[in-house]
Amino acid sequence: MNRMELLKLLLTCFSEAMYLPPAPEGGSTNPWVQFFCSTENRHALPLFTSLLNTVCAYDPVGYGIPYNHLLFSDYREPLVEEAAQVLIVTLDHDSATSTSPTVDGTTTGTAMDDADPPGPENLFVNYLSRIHREEDFQFILKGIARLLSNPLLQTYLPNSTKKIQFHQELLVLFWKLCDFNKKFLFFVLKSSDVLDILVPILYFLNDARADQSRVGLMHIGVFILLLLSGERNFGVRLNKPYSVRVPMDIPVFTGTHADLLIVVFHKIVTSGHQRLQPLFDCLLTIVVNVSPYLKSLSMVTANKLLHLLEAFSTTWFLFSAAQNHHLVFFLLEVFNNIIQYQFDGNSNLVYAIIRKRSVFHQLANLPTDLPAIHKALQRRRRTLEPLSRTGSQEGASMEGSRPAAPAEPGTLKTSLVATPGIDKLTEKSQVSEDGTLRSLEPEPQQSLAEGSPAKGESSQAWREQRRLSSPSASGQWSPTSDWVLSWKSKLPLQTIMRLLQVLVPQVEKICIDKGLTDESEILRFLQHGTLVGLLPVPHPILIRKYQANSGTAMWFRTYMWGVIYLRNVDPPIWYDTDVKLFEIQRV
């Protein structure tokens, strides 16, 4: 308890950031944090290792006796929670603007490497970036995975195991580890242990999707998955069959972790609250990044992906905002990647594409004249259900799952700064023959000609896009024929149209010849079919990798302090003080 009090006191001394308005350029360093993490503090190394050990060695289940947490209070949990909070605050360091650790774990500055890094070096960031022993990585990863999975533990005795509450701090810590220590990131992705982090994150995302007070949790979960999805190994790991049944309110399916990821993302898009819309780009970017490696999607998942395409390609949705067509580009890229690189195992998806071929034909024949555009927008009122209605074959949910509930009235939440758009969050890389990544420079003309304008468009190209769509009298954005034409001509439909052209007549012939109404026969035919030599030349695989930027650094600072503020209500350290970093609102 004494240690806990000391940590709370340190945290209070470190909390100056709460009283400064959000500043995009990293803000000033807190003198307390600066001293605590500098060479002047001769205890810096033992303090850093103690904090990390305290968090990663904690096992909330302990001796595993049911209900033991009700019989005696656990002083460890509050200590571990405070240790996690102190750790993430001391690691609050903008990697975009400062010396950031490289792949081999050494810290480097800018291109002018010989110059001393500006200002005193943060030893905690330095130590974290230099951890390199496999057993240390194993200890850290196992510890974080054990704590993140704790709320998912199901036993036959209700409430018999202790559930920890500090998963948001753990997610920030995991983010910092991956961001500052690339060797740790590669270690995480080297084995299927990464799935022990993935499943809890998907559980939290699914559970929080209806709760406005947990919108920050949704963001950090998606950011972590975006960071992981930039590495080829993540996509490969997702092919592992998903057998652990975590109680989640999603349709029952038999398949892989990739199926779990896509089914949860579909649920977030179709039944999350309004404020999650800015995350759709990120969610689909993650699916695009992993799609070239997905060996076989289940029928449930294939239908979910086509349901998203159907919803996003309705004319009113495409014409109602300047960015909405990007979502269709992302989904088409997913289908193209799977058809070009993983055709053999994906008969379910090919079958779903054939069944829903009308969606692709509608996209190819999208109206571009003004009267049709206005007519589509007027129909909007009547067709608001495609996104909210459930998929055509929504089965029973998993056993023991509870639907995601909105926040209780009166719940406090803290405001967040806006996150950068997907083009600022990521940079494009092309996968070359030998599997290495080559960074692509975003050229305005090329990025427009190539498909999705979200891929790193320059401001000049973006202004051109805006010029093509005119502001209406009310000052709101309104679509024009030129604007629709500017991106309709770049819809990457060639591969899918060729596939339909070849396979639809064959499938129809089988149905007529054999009088079939049975899917399994058609799926068997598709499994043994091949399109070698019939499809266009495979396009290069494009990966959009997360890139550090001051916008996300600011977002993390605001989110982290918001979490710490709301978690420290006993005693209420900062309660009713003039906090400027965020606003405290009631749901």
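An unreviewed UniProt entry lists the protein under the name Protein HID1, with Marmota monax given as the organism.

Participant: Explanation requested: the overall build of the protein in the structure shown.
Facilitator: Along the backbone of the protein there are 28 helices and nine strands. Within the protein, the fraction of its 587 residues that count as buried is 53%. Restricting to contacts in the protein with at least 6 residues of sequence separation, those with at least 24 account for 79%.

Participant: Just to check I follow, could you spell out the nonpolar core for this structure?
Facilitator: As a rule of thumb, soluble globular proteins bury nonpolar side chains together. In terms of nonpolar packing, the biggest core is built from 173 residues, with L225 and W561 touching the most fellow members. Counting only domains with at least three residues in this core, you end up with domain 1 (1-98 + 120-190 + 547-582) and domain 2 (198-219 + 228-380 + 480-546). For W561, the contacting residues outside a window of four places in its chain are L11, F14, S15, A17, M18, V89, W574, L581 and F582.

Participant: Explanation requested: the pairing of strand β8 (residues 542-546) in the structure shown.
Facilitator: Strand residues, when the strand is regular, have side chains that alternate between the two faces of the sheet. Burial runs high along β8: five of the five residues are buried. In β8, alternate side chains face the same way, and those of L542, R544 and Y546 on one face and I543 and K545 on the other are all buried. Examined bridge by bridge, strand β4 (residues 426-431) and β8 share five bridges and lie antiparallel to one another. If you follow E427 over to β8, its bridge partner there is K545.

Participant: Can you walk me through the packing of aromatic side chains in this structure?
Facilitator: Geometry of an aromatic ring pair is reported as the spacing of the ring centres plus the angle between the planes. Scanning the entire structure with this criterion turns up 24 aromatic pairs. For the pair F335 and F360, a centre-to-centre distance of 6.0 Å together with 75 degrees between the ring planes defines the contact as edge-to-face. Residue F335 is located in helix α17 (residues 325-341), and its partner F360 is located in helix α19 (residues 357-364); the two are separated by 25 residues in the primary sequence. The pair F335 / F360 is uniform in exposure class, with both members buried. Geometrically, the ring pair formed by W555 and Y559 is stacked, given 4.9 Å between the ring centres and 20 degrees between the ring planes. A residue pair is termed a helical-turn pair when its members lie 3 or 4 positions apart in one helix, as W555 and Y559 do in helix α28 (residues 550-567) at four residues. Each member of the pair, W555 together with Y559, is buried. A connected cluster of aromatic rings, assembled from ring pairs, spans W175, F223, Y546, W555, F556 and Y559.

Participant: What's the story with unusual backbone geometry in this structure? I'm lost.
Facilitator: Negative phi values dominate among residues other than glycine, just as trans dominates among peptide bonds. Phi is positive for D576, close to 60 degrees, though the residue is something other than glycine. As for its position among the elements, D576 is in the loop between α28 and β9 (584-586). Residue class for D576 comes out exposed when judged on its relative accessible area of 73%.

Participant: Is there a simple way to think about the sheet that holds β8 in this case?
Facilitator: Sheets are built from strands paired through backbone hydrogen bonds, the pairs being either parallel or antiparallel. Spatially, three strands are ordered β5-β4-β8 in an open sheet, and the strand pairing comes out antiparallel. The two strands at the open ends of the sheet, each matched to only one other strand, are β5 (437-439) and β8. Each strand axis lies, on average, 40 degrees off the axis of its neighbour in the sheet, ignoring direction. By the bridge criterion, three bridges tie β4 to β5 in an arrangement that is antiparallel. Paired with Q430 across the two strands is R438, which belongs to β5.

Participant: How should I be thinking about the pattern of salt bridges in this particular structure?
Facilitator: Taken as a whole, this structure holds 18 salt bridges when the rule is applied. One salt bridge connects R133 with D136, and the closest N-O pair in it is separated by 3.1 Å. A relative accessible area of 25% places D136 in the partly exposed class. Linking D207 and R214 is a salt bridge whose minimum nitrogen-to-oxygen distance equals 3.3 Å. Judged by its relative accessible area of 24%, D207 is partly exposed. We classify R214 as partly exposed; its relative accessible area is 22%.

Participant: Before we go on, may I ask you to explain helix α20 (residues 370-378) in this structure?
Facilitator: Given 3.6 residues per turn, any residue in an α-helix points the same way as the ones three and four places further on. Along α20, the positions that sit buried rather than exposed are A372, I373 and A376. Down the axis of α20, the sector holding all buried residues measures 100 degrees, keeping them to one side. Facing away from the buried surface of α20 by more than 90 degrees, the exposed residues are P371, K375 and Q378. Looking at the packing, one finds that the buried side of α20 touches α16 (315-319) and α25 (481-488).

Definitions and cut-offs
- Residues numbered from 1 in each chain as written.
- Predicted model: local features only at pLDDT ≥ 70, side-chain atom pairs only at ≥ 80, totals over all residues.
- Heavy atoms only, no water.
- Helix = DSSP H or I, 4+ residues; strand = E, 2+ residues; numbered from the N terminus.
- Buried < 20%, exposed > 50% of the residue type's maximum accessible area, 1.4 Å probe, protein only.
- Contact = heavy atoms within 4.5 Å.
- Core = buried A, V, L, I, M, F, W, Y, C linked by side-chain atoms within 4.5 Å.
- Domains from an automatic or database assignment.
- Pairing = 2+ DSSP bridges.
- Phe/Tyr/Trp six-rings, centres within 6.5 Å; stacked < 30°, edge-to-face > 60°.
- Axes fitted to C-alpha atoms, helices over the stretch in contact; angles between N-to-C directions.
- Salt bridge = Lys/Arg side-chain N within 4 Å of Asp/Glu carboxyl O.
- Arc of directions from axis to C-beta.

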